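A structural walkthrough
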Amino acid sequence: MKILSVAIPCYNSEEYMEKCIKSILAVGEDVEILIVDDGSVKDRTPEIADQYAARYPGIVKAIHQENGGHGEAVNTGLRNATGLYYKVVDSDDWVNTKGLVKIIRRMKELEEQGGVDMLLANFVYDKVGAKHKKLMRFANVFPVDEVFEWDAMRHMRQTQYILMHNIFYRTQLLRDCGLELPKHIFYVDNIFAFQPLPYVKRMYYMDVNLYHYFIGREDQSVNEHVMIGRIDQQIRVNKIMIDVMAAEDFSDKSARLKRYMNIYLTKIMTVTSIMLILSGTQEALAKKDDIWAYLKEKDAKLYRGIRHSLFGTAMNLPGAVGRKLSIGAYKLAQKFVGFN
């Protein structure tokens, strides 16, 4: 059995997918690479996937499907994964090969001790043209190089967050929690980094700079103008996360887990609200009111907590005062989604 399955969702990715594949391929036989061709038709993505599968049959599998979006590509990867752990690497991103070798070596050692549910590392915002790349480290938040549970988690700064980029989940845990990302929707990486968390008990953090998150293309989903144009997809993701939070019974869970998930949802509510405010239309403002009403209907207590936070106050005050208060929240939202 492979120790790790890595899914690479690809859609018309011929310009950059090979850099991604090679950064993982160099690790060797311990990894299973699942190249998921999500209905690419405009370039050589399917052909490149098949070439790597033919050259490295013990490591690479090429999976071709009708276009279902990023979330369905992640779902397909999970359905086909045979490794003990599961990771997603987007086709325009890449990993530090030496860092991944260290992590896999540690995964093997951890398996001898019963394994973990989630392993975390660092990631880098690799922004085009930036001289200094922003590094997201967590040594101030999690114990380093030891198995721990949620109660060992320390204070996380507003600019820190766990994303798909630095997560390795135990494959069976994702199946047990029923993770099924929606089709034809962007921003589902937030669901991936949110829904499974109540199932996670044993964790491990390595202070290794692993994942390079590439940002800078004009057509990227985290481009501000693109995001405004896809605001209905952001709203759908936001509502799914509200549903997850409202349905969870935290009575037997760590208070720190609940607090972190509250903060995560608050940030997503902030991003959604700001995008709708920036749209500036009456329809968009009505959608902003609707998402807050949806939260209130699903969980009134959760609504009150988020509504009366600094973010919630800024997003719901009318006129110039609300806009002024939104500035700080907007800056944090920019960092959270990694705007170009």
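Residues numbered from 1 in each chain as written. Predicted model: local features only at pLDDT ≥ 70, side-chain atom pairs only at ≥ 80, totals over all residues. Heavy atoms only, no water.

When helices and strands are tallied, the protein shows 13 helices and ten strands. Burial status across the protein gives 55% buried among its 340 residues. Restricting the contact set of the protein to residue pairs at least 6 apart, pairs at least 24 apart contribute 77%. As presented, the protein carries roughly 15,000 Å² of accessible surface, and 50% of it is formed by carbon and sulfur atoms. (Helix = DSSP H or I, 4+ residues; strand = E, 2+ residues; numbered from the N terminus. Buried < 20%, exposed > 50% of the residue type's maximum accessible area, 1.4 Å probe, protein only. Contact = heavy atoms within 4.5 Å. Areas by Shrake-Rupley, 256 points an atom, 1.4 Å probe, with all protein chains shown as cover.)

In this model, D145 sits at a positive phi of 60 degrees, which is unusual for a non-glycine residue. Considering the arrangement of structural elements, one finds D145 in the loop between β7 (134-136) and β8 (147-148). By relative accessible area, D145 is classed as partly exposed at 42%. Despite not being glycine, H184 has its phi angle at roughly 55 degrees, a positive value. Its place among the elements puts H184 in the loop between α5 (171-176) and α6 (189-192).

Okay, the pattern of salt bridges next. Under the counting rule described, the total for this entry stands at 18 salt bridges. Notably, a salt bridge pairs K239 with D290, separated by 3.2 Å at the nearest N-O pair. Residue K239 is found in helix α8 (residues 231-247), and its partner D290 is found in helix α10 (residues 282-298); the two are separated by 51 residues along the sequence. Take K239: its relative accessible area is 22%, and that puts it in the partly exposed class. Residue D290 is classed as partly exposed on the basis of its relative accessible area of 38%. K288 is the salt-bridge partner of D289, the closest N and O atoms lying 3.8 Å from each other. Since its relative accessible area comes to 8%, K288 is described here as buried. In the salt-bridge network here, residues are joined through shared partners; they are E72, R79 and E180. (Salt bridge = Lys/Arg side-chain N within 4 Å of Asp/Glu carboxyl O.)

Attention now goes to the side chain of D90. Here D90 lies in the loop between β4 (85-88) and β5 (94-95). Classification of D90 as buried rests on a relative accessible area of 16%. Look past the residues within four positions of D90 in its chain and what remains in contact with it is I8, P9, C20, H70 and Y211.

When strand β2 (residues 31-38) meets strand β3 (residues 60-65), the two strands line up parallel, connected through six bridges. By the bridge assignment, D38 is partnered in β3 with Q65. A crossover connection joins β2 to the parallel β3 through helix α2 (residues 45-55); in handedness this β-α-β unit is right-handed. (Pairing = 2+ DSSP bridges. Right-handed = clockwise from strand over helix to strand, strands pointing away.)

Among the secondary structure elements, L302 is positioned in helix α11 (residues 300-307). A relative accessible area of 9% places L302 in the buried class.

Attention now goes to the side chain of E32. Within the secondary structure, E32 sits in strand β2. Polar contacts involving the side chain of E32 include one to the side chain of T82, which spans 2.9 Å. Ignoring sequence-local partners within four residues, the contact set of E32 consists of K2, L4, S5, V6, I59, K61, N80, A81, T82 and G83. (Polar contact = N/O pair within 3.5 Å; in protein donor to acceptor, adjacent residues only side chain to side chain.)

Contact geometry of α8 with helix α9 (residues 255-279) gives a least axis separation of 10 Å together with a crossing angle of 155 degrees. With respect to each other, α8 and α9 are oriented roughly antiparallel. Judged by the sense of rotation from one axis to the other, the crossing of α8 with α9 is left-handed. Here α8 contributes I231, Q234, I235, N238, M241, I242 and M245 to the contact with α9, which in turn contributes K258, M261, N262, Y264, L265, I268, M269, V271, T272, M275 and L276. (Axes fitted to C-alpha atoms, helices over the stretch in contact; angles between N-to-C directions. Parallel < 35°, antiparallel > 145°, perpendicular 65-115°, else oblique. Left-handed = near helix turned anticlockwise from the far one by under 90°.)

It is characteristic of soluble globular proteins that their nonpolar side chains tend to be buried jointly. Ranked by size, the top nonpolar core spans 111 residues in total, and within it L4, I24, F142 and L265 carry the most contacts. Sorting elements by how many residues they give to this core places α9 first, with eleven residues. Those residues in contact with L265 that sit more than four places away from it in its chain are F194, N238, M241, I242, M245, L295, L302 and I306. (Core = buried A, V, L, I, M, F, W, Y, C linked by side-chain atoms within 4.5 Å.)

Okay, the environment of V41 next. Mapped onto the secondary structure, V41 falls in the loop between β2 and α2. Taking the relative accessible area as the measure of exposure, V41 reaches 68% and is therefore exposed. In this structure, the C-alpha to C-alpha distance between V41 and N12, residues 29 residues apart in sequence, is 6.9 Å.

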